[in-house]
Each structure stands twice: as structure tokens, then as C-alpha cells.
Amino acid sequence: MKKDRFIPLRKTDLIQACIADDRLTCEQQGEFKTLCHLIVSTLHFEYHQVLEELKDSYAPFDPNSDTLAVTQLTANDLETKQTNFSARFIQVLNAANFEQVTDKDLQEALQEESLFKVRLAVEFEDFEDVVFYRRGEYQQSETISKFAGLFKKTISFTNYDKVAVYIKFKDENYFKYKKTKIANFEAGSTIIKLFQNVPKADLEMLFPNSEVRMRTIDKAIIGGSALVGGAVVFVTKLGASLIVLAGILSYWFGLSNKEVAITTQELLALGVGAGVLGGFVFKEWSKFKNRKLRFMKALADNLYFKNLDNNSGVFHHLIDAAEEEECKETILAYYFLLSEGKPMTSEQLDTKIEKWFEDKFNFPIDFEISDALGKLQRFGIVNLNAGLYTALAISAAQAQLDARWDAVFNVASTPQTR
């Protein structure tokens, strides 16, 4: 399975792991902590600006907005904001080391049987745009019961730690002529959701218009029960009524010359037969509805524990995740350039970091070396010469980041005051 870019450590734990590696002197360890604090503060400031951009772009499409719309936006303004939001949101997802769920993966999910035994149908025509992103892909095993618990079977499936969903509904003109309606949504709105611990086979349950459908085995169970029960009712309860009814119909359609005299007793038998038949039909229909309600409850219960955030809350969550990942990448790349004490190519550095992480934590990662080195160069704390990267001394790196903060606030500052 493809390795993830996600680094499964908190940044504070990662900094401590680097220090505990004993490649730095005691003096360097204290300076390194201070430098990490500067890197974290710098990236936090940058991502605060990104968050403000996302909030501004998403505001016209937020279905949960509780503020007044002061400015009337034109259609062109709305389209521009939608485009800006989509592009920025995808950048944040990539920075948070999410991977896009391909159309192939989505189609496979729709074809596979749901792990919680519910068949769902999704009407994709309701959406103008659908994008799924996931992070943390791994194989998982689970034992499920079959045939009322008489048998157990262990199955293996692909599970996603996090799944982000971006869906834009079509406009009012489309839904105006649509017979079936989706509850609790606005035409033309954009919804964003974040889920956790989602099996690949259950991705369809994350759509807002997914409908519970009966599986073939459920239809067979209900149909078989109805067939057997119906046969018993016909034989034991409706025999007399059917004989009377058959005689009446034969006489009416000219199939028999024998006139049927309907007595009070026969009328009563017909009434009882009709009541029994109606009761049987209602009972079987109730079984179908109750089974479907149980499936819908299973779906709602499943989503309740998997849902992490909705709409504007999602990109607040993702901004924090992106900031964490960017910090960890930058710190790791700088630490290994510094601790090696010699120029390295990006490939050498990438291999060194990935091997260290797998050896130390028994967890393979696909380190984003180009992204990490790009940030180090932007901060001015590495030198590049003939394809070889060299880290600045910690004191020089601190001076570079200090200068960036001075440019922002136009005041002299020190790490202790930030």
C-alpha cells in the first residue's frame, strides 16, 4: 500500500524526539527549542491569514451563517469567491497531507457491500461539484456475525483515518422541477464535512442525499416470509371467502349459469376474508418499513460517531492540521541538515528522514521533502549550492526569522516576547 505523507506525531512530541536523539549538544538543544518556537509562530501567523481568506470566500455559501449580508454580490462576484475558496481549500488539504479520493476509489466504494449491512443509493445529478479527500489509509480486519450470530467471518477492508467532503449543490432551477427533495439544504450552497474512521466501502454514506435501499437478501427474507404467511392465510382463513367470491365472479363473467345467492353468513365470510387479507398486507408492509427504519437508525448512529466537523468548522480544523504538518516537515528537514553537519541533496535528506522515522517509530512515511526544503529556503535558514543544501547555524537561523518578524510588525522583537 502507498505510504502516507502524514506524520503521525504531535509537533511537540516530534521536537522532543529530535532532542532525545542526542545529535545536538546541550547548548544546541536549548537553541533548537527556541528556533522551533520561532518556526511554529511564523507558520501560525501565515495560516491565520489563510484562515481569514477562507472565511471571507466561503461566507456567501455557508448554510450555517448567522451574520447579515451587508454587500449584495453579483453573480460574477459569487463565482470568483467560489473559485478562490475551492483553490485555497484544496491547498490547505494538500498542506495537511490529505490525498484526493480518485473516481476509481469512489466507484469501487459504491460497488462494495457496506460493512454495516445497509445498501445506499446516491443521486449524483443533485451536485455540481463533488470532491473527497482522505488521510491515513490502512488495512483493518473485523469479525462480523452472519445468520443471526450462528456463524462468524473475519473480513479485511481498507479504512481511512480522516475523510474531508466538499460538495456544491446545483442551483434552484434544477431543484424546482425535481420530485424528490433533500432535507435541510439550500440550493446552490456548498457543504463541507469532516469524518473519521471511515471504511472505504462506506464512502457513499457520507453523501447528504444517500437513501437507504433494501438489499437483495433483505427483500428475499421479507418476500419469503410474506409468501409463506400468505399461503397459510389463504388456506386457513380465506378458503370459504374465496369459494363464494369465485362463484360470484364466474356468474358475472358468464362462465357459469348457476346464480349465487349471497346470504348474511356468506357476506360475513367475505367481510372477514377482506379484513384478514388487509391485516396481512398491512403486517407485511409494516415489517418492510420497520426493517428500513432500523437500517436508517444504523446509518444515523454510524455517522454520529464518525462526524468530526461541518462547513466553516471544517477549515478551522484543517487549518490547524495543515499548520501542524508544515511545522513538522520544516523542523525535521532543518534538524537533519543541521545534525548531519554536511551538505546534502534533497534525495539524500529525504531518505535519511524516512529511514529515521521508520526505525524510531516503526511507521513508514512518504516525507514531503520538496515542500519542507521550499519552506526552509523561503525562511532563509538553508543555503543551496550546486544542488546541495546546508543548514545555517541555529543562531543565524534565529536571526533570519527575527528579521521576518521585524518586517511584519516593524518593531524589534525577541523570541521571549512572542
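On to helix α1 (residues 11-20). Residues Lys-11, Leu-14, Ile-15, Ala-17, Cys-18 and Ile-19 constitute the buried set of α1. Structurally, α1 contributes buried residues whose contacts are with α2 (26-58), α9 (312-340) and α10 (346-361). Positive phi appears at Asp-22, one or two residues downstream of α1, with a value of about 60°.

Its location among the elements puts Arg-135 in strand β3 (residues 127-146). The side chain of Arg-135 sits in the buried core without any salt bridge; Glu-325 is the nearest counter-charge, 4.4 Å away.

This next bit is on the nonpolar core. Within the largest apolar cluster, 44 residues are counted, with the highest numbers of intra-cluster contacts made by Phe-32, Leu-332, Tyr-334, Leu-337, Leu-349 and Phe-367. At the level of secondary structure, the elements contributing two or more residues to this core comprise α1, α2, α9, α10, α11 (369-379), β9 (388-391) and α12 (394-409). Of the residues forming this core, the biggest block, nine residues, is contributed by α9. Apart from residues no more than four positions distant in its own chain, Leu-332 is found in contact with Ile-7, Leu-14, Cys-18, Ile-353, Trp-356 and Phe-367. One finds Phe-89, Val-92, Ile-192 and Ala-321 within the second-largest nonpolar core, a separate group that totals 25 residues.

This next bit is on the confidence of the model for the protein chain. Per-residue pLDDT for the protein chain has a mean of 80; in total, 71% of the residues score no lower than 70. Here helix α6 (residues 216-236) stands out as the element of the protein chain with the lowest mean pLDDT, 55, in contrast to β9, whose mean of 96 is the highest. Below a pLDDT of 50 lies the segment residues 411-418, which in the model reaches 14 contacts outside its immediate sequence neighbourhood of four places, other chains included.

Going through the model one piece at a time under the given rule, you end up with zero disulfides. Cys-36 provides the cysteine sulfur closest to Cys-327, a residue in no disulfide bond, and the two sulfurs are 9.2 Å apart. We classify Cys-327 as buried; its relative accessible area is 1%.

Position of Asn-97 relative to the elements: it lies in the loop between α3 (75-95) and β1 (99-100). Among the polar contacts listed, one links the side chain of Asn-97 to the backbone oxygen of Arg-5, at a separation of 3.2 Å. Apart from residues no more than four positions distant in its own chain, Asn-97 is found in contact with Arg-5, Phe-6, Arg-135, Glu-325, Glu-329 and Glu-368.

Bringing the packing of aromatic side chains into the picture now. Scanning all chains against the criterion turns up 17 aromatic pairs. Taking 6.2 Å as the distance between ring centres and 25° as the angle between the ring planes, the aromatic pair formed by Phe-85 and Tyr-166 counts as stacked. Of this pair, Phe-85 sits in helix α3 while Tyr-166 sits in strand β4 (residues 151-169), placing them 81 residues apart in sequence. Pairing Phe-357 with Phe-361 gives two aromatic rings, centres 4.8 Å apart and planes at 45°, and the pair type is tilted. Taken together, the positions of Phe-357 and Phe-361, both in helix α10 and four residues apart, correspond to about one turn of that helix. Using a relative accessible area of 1% as the deciding quantity, one classes Phe-357 as buried. Classification of Phe-361 as partly exposed rests on a relative accessible area of 30%. Seen from the ring of Tyr-174, Lys-170 lies directly overhead, with NZ or CZ sitting 4.8 Å from the centre.

Before going further, it helps to examine α9. A rise of 1.5 Å per residue sets the reference length of α9, with its 29 residues, at 42 Å; its end C-alpha atoms lie 43 Å apart and thus fit the reference within 8%. Most of α9 is tucked away, with 24 of its 29 residues classed as buried. Two residues or fewer past α9, Gly-341 is found with a positive phi of approximately 70°.

What counts and what doesn't
Residues numbered from 1 in each chain as written. Predicted model: local features only at pLDDT ≥ 70, side-chain atom pairs only at ≥ 80, totals over all residues. Heavy atoms only, no water. Buried < 20%, exposed > 50% of the residue type's maximum accessible area, 1.4 Å probe, protein only. Helix = DSSP H or I, 4+ residues; strand = E, 2+ residues; numbered from the N terminus. Contact = heavy atoms within 4.5 Å. Lys, Arg positive; Asp, Glu negative; His and termini not counted. Salt bridge = Lys/Arg side-chain N within 4 Å of Asp/Glu carboxyl O. Core = buried A, V, L, I, M, F, W, Y, C linked by side-chain atoms within 4.5 Å. pLDDT = per-residue confidence, 0-100. Disulfide = S-S within 2.5 Å. Polar contact = N/O pair within 3.5 Å; in protein donor to acceptor, adjacent residues only side chain to side chain. Phe/Tyr/Trp six-rings, centres within 6.5 Å; stacked < 30°, edge-to-face > 60°. Lys NZ or Arg CZ within 6 Å of the ring centre and 35° of its normal. Expected span 1.5 Å × (residues − 1).

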